[in-house]
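One letter stands for each residue in the lines below.
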Amino acid sequence: MGQSFATPHPVLVYVHNDVGSTVITAHSEDTSHVSLTAETPGARELVERATVECRQRGGRDVVVVNVPRVHGMKFIRRNGVTVRVDVPQGSDVRVVSASADVELNGSLGRANVKTASGALTADDLADLRAKTGSGDVEVGTVAGPLRVQSAAGDLRCVRVEGPVSVTTASGDVEIGAAAGAVDVRATSGEVRLGDVSGAVRVVAVSGRVQVLSITEGSMHIRSVSGRVDVGVARGATLSVDAESMSGRVQSEIPLDDGPSAAHGDPRIILTLRSVSGDVLITRGVEAFAR
């Protein structure tokens, strides 16, 4: 099953597909193409009953794909549908899924994705809001805000230009570079940040927290039993307030005889707290330090 629509206006594509996969790809045309493929013979009924339409709303072309639920979730779990949508570059995306994986290819606009156990992979987005139960999230570049809520899924993102907000219970968090503020709250998952230069706040229980390089700004990390490692870039004035009740606090950088702040020098303020985990302050990894 396939349909094509002329979409000369800004596009919003909405897909509801519980099981199977959803693939949305950006292209340079001003048309949108939708195709549905049954992954099993039993899924053919789902394809036949699916809704595929395009309507204008608020000056936008809205492409809607809705794969229905029939015969209950037991039937659905065994019969997936592959949904493929090609849309103009910069289109906004909304996807709802149960176990269906979601793949966003190319340069897209704002993305809002909700999954139970389906994984999300994306290339370049203007903005991402994702909520997942156990599905992993892997993203290339996010030009704006990144907001992720997860119970057990991992998050990996290469670079974020806007603010970051992540909440996870047991999933790991890895962000290669963040230019804006970062707020991470994790229970048992590990947190690994690469190059950060804004206000950073991390609250963790048992997972390790590692920051490869902070170039400027303030950083507040609070951990219960996880180890805390922070790398500090060269050329900045450093202020440190670090404490661990039963763990060790070590710094490879002299903290009591640093140079006085010069006009225009970047300033780094570290506030590090741990109950039983060790705290280590080192020089930032050169590959990340600017």
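Our structure is the block above this text.
Let me sum up the structure you'll find in this document. (Residues numbered from 1 in each chain as written. Predicted model: local features only at pLDDT ≥ 70, side-chain atom pairs only at ≥ 80, totals over all residues. Heavy atoms only, no water.)

Things to note about the overall build of the protein
Part 1 of the argument: A tally of regular secondary structure across the protein gives 2 helices and 25 strands.
Part 2 of the argument: Across its three principal axes, the protein shows a C-alpha extent of roughly 75 × 40 × 30 Å.
Part 3 of the argument: Taking as baseline every contact in the protein between residues at least 6 positions apart, the subset at least 24 positions apart corresponds to 44%.
Part 4 of the argument: Accessible surface for the protein amounts to roughly 13200 Å². Of this, 47% is attributable to carbon and sulfur atoms. (Helix = DSSP H or I, 4+ residues; strand = E, 2+ residues; numbered from the N terminus. Contact = heavy atoms within 4.5 Å. Areas by Shrake-Rupley, 256 points an atom, 1.4 Å probe, with all protein chains shown as cover.)

What to know about the environment of Val182
Part 1 of the argument: In this fold, Val182 is placed in strand S16 (residues 182–186).
Part 2 of the argument: When the C-alpha atoms of Val182 and Leu125 are compared, they prove to be 18 Å apart, with 57 residues separating the residues in sequence.
Part 3 of the argument: Excluding residues that lie within four positions of it along the chain, Val182 makes contacts with Val164, Leu193, Ala199, Val200 and Arg201.

A few points about a negative patch on the surface
Part 1 of the argument: A cluster of acidic side chains, namely Asp101, Glu103, Asp123 and Asp124, defines a negative patch on the protein surface.
Part 2 of the argument: At the level of secondary structure, the elements contributing two or more residues to the negative patch comprise strand S9 (101–115) and strand S10 (120–132).
Part 3 of the argument: Residue classification places Asp101 among the partly exposed positions, given a relative accessible area of 40%. (Patch = residues over 30% accessible without salt bridge, like charges linked within 9 Å, V, L, I, M, F, W, Y side chains within 5 Å. Salt bridge = Lys/Arg side-chain N within 4 Å of Asp/Glu carboxyl O. Lys, Arg positive; Asp, Glu negative; His and termini not counted. Charge placed at Lys NZ, Arg CZ, Asp CG, Glu CD. Buried < 20%, exposed > 50% of the residue type's maximum accessible area, 1.4 Å probe, protein only.)

Overview of the nonpolar core
Part 1 of the argument: Residues Ile24, Leu36, Leu104 and Val230 are the most contacted members of the largest nonpolar core, which totals 69 residues.
Part 2 of the argument: What Leu36 contacts, discounting residues up to four positions off in sequence, is Met1, Val47, Ala50, Val52, Val65, Val67, Val81, Thr82 and Val83. (Core = buried A, V, L, I, M, F, W, Y, C linked by side-chain atoms within 4.5 Å.)

A short note on the side chain of Thr282
Part 1 of the argument: Residue placement: Thr282 occurs in strand S25 (residues 279–283).
Part 2 of the argument: Apart from the residues within four sequence positions on either side, Thr282 is in contact with Val230, Gly231, Val232, Glu252 and Ile253.

Here we look at the environment of His16
Part 1 of the argument: Topologically, His16 is positioned in strand S2 (residues 11–16).
Part 2 of the argument: Sequence spacing of His16 and Thr271 is 255 residues, and the spatial spacing of their C-alpha atoms is 44 Å.

Observations concerning the environment of Ser117
Part 1 of the argument: Summarising the element assignment, Ser117 is placed in the loop between S9 and S10.
Part 2 of the argument: Taking the relative accessible area as the measure of exposure, Ser117 reaches 36% and is therefore partly exposed.
Part 3 of the argument: Once the C-alpha coordinates of Ser117 and Ser99 are considered, the two residues, 18 residues apart in sequence, prove to be 4.8 Å apart.
Part 4 of the argument: In this structure, Ser117 is in contact with Ala98, Ser99, Ser134 and Gly135, ignoring residues within four places of it in sequence.

Structural notes on the pairing of strand S17 (residues 191–196)
Part 1 of the argument: Taken across its 6 residues, S17 has 5 buried, putting it largely inside the fold.
Part 2 of the argument: In this structure, strand S15 (residues 173–178) lies alongside S17, joined through 5 bridges in parallel fashion. Directly across from Glu174, in S17, lies its bridge partner Arg192.
Part 3 of the argument: Both S17 and strand S19 (residues 209–214) contribute to a ladder of 5 bridges, which runs parallel. By the bridge assignment, Arg192 is partnered in S19 with Gln210. (Pairing = 2+ DSSP bridges.)

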